[in-house]
Amino acid sequence: MTQQKRGSFKAKDAAGKEYTIEKWFNMREVDDLATGTTTLVEVGVPRLQLADGTEVRWVSTGVYDIQLATTIRVTSADPTAP
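Residues numbered from 1 in each chain as written. Predicted model: local features only at pLDDT ≥ 70, side-chain atom pairs only at ≥ 80, totals over all residues. Heavy atoms only, no water.

Considerations on the environment of Gly53
Reasoning step 1: Take Gly53: it is sitting in the loop between strand S3 (37-49) and strand S4 (55-60).
Reasoning step 2: Residue classification places Gly53 among the partly exposed residues on the basis of a relative accessible area of 42%.
Reasoning step 3: Separated by 32 residues in sequence, Gly53 and Ile21 have C-alpha atoms that sit 9.9 Å apart. (Helix = DSSP H or I, 4+ residues; strand = E, 2+ residues; numbered from the N terminus. Buried < 20%, exposed > 50% of the residue type's maximum accessible area, 1.4 Å probe, protein only.)

This is the structure in structure tokens:
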């Protein structure tokens, strides 16, 4: 399996600082025997992180914790946010 970034969304902390959270998925190749093509499909739930690789933990829909020296709680109203 490979990993692939499949989108991102914005979230803000209580002070209004904006963060971009990336959604990374494990991907699996699936062969279509009828057409002879191979397609990548998402497997499981996304891994969330900042662009620098900092872990982001899902708390609930639209609510996340960023794991820095202290935990920063951020929220997002983006409809593509998990």
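A short note on the side chain of Asp13
Reasoning step 1: With respect to the element layout, Asp13 can be found in strand S1 (residues 2-13).
Reasoning step 2: Although Asp13 lies buried, it forms no salt bridge, and the closest oppositely charged side chain, Lys17, sits 6.2 Å away as judged by the N-O distance.
Reasoning step 3: Among the polar contacts listed, one links the side chain of Asp13 to the backbone nitrogen of Ala15, at a separation of 3.0 Å.
Reasoning step 4: Those residues in contact with Asp13, other than ones at most four positions away along the chain, are Tyr19, Ile72, Arg73 and Val74. (Lys, Arg positive; Asp, Glu negative; His and termini not counted. Salt bridge = Lys/Arg side-chain N within 4 Å of Asp/Glu carboxyl O. Polar contact = N/O pair within 3.5 Å; in protein donor to acceptor, adjacent residues only side chain to side chain. Contact = heavy atoms within 4.5 Å.)

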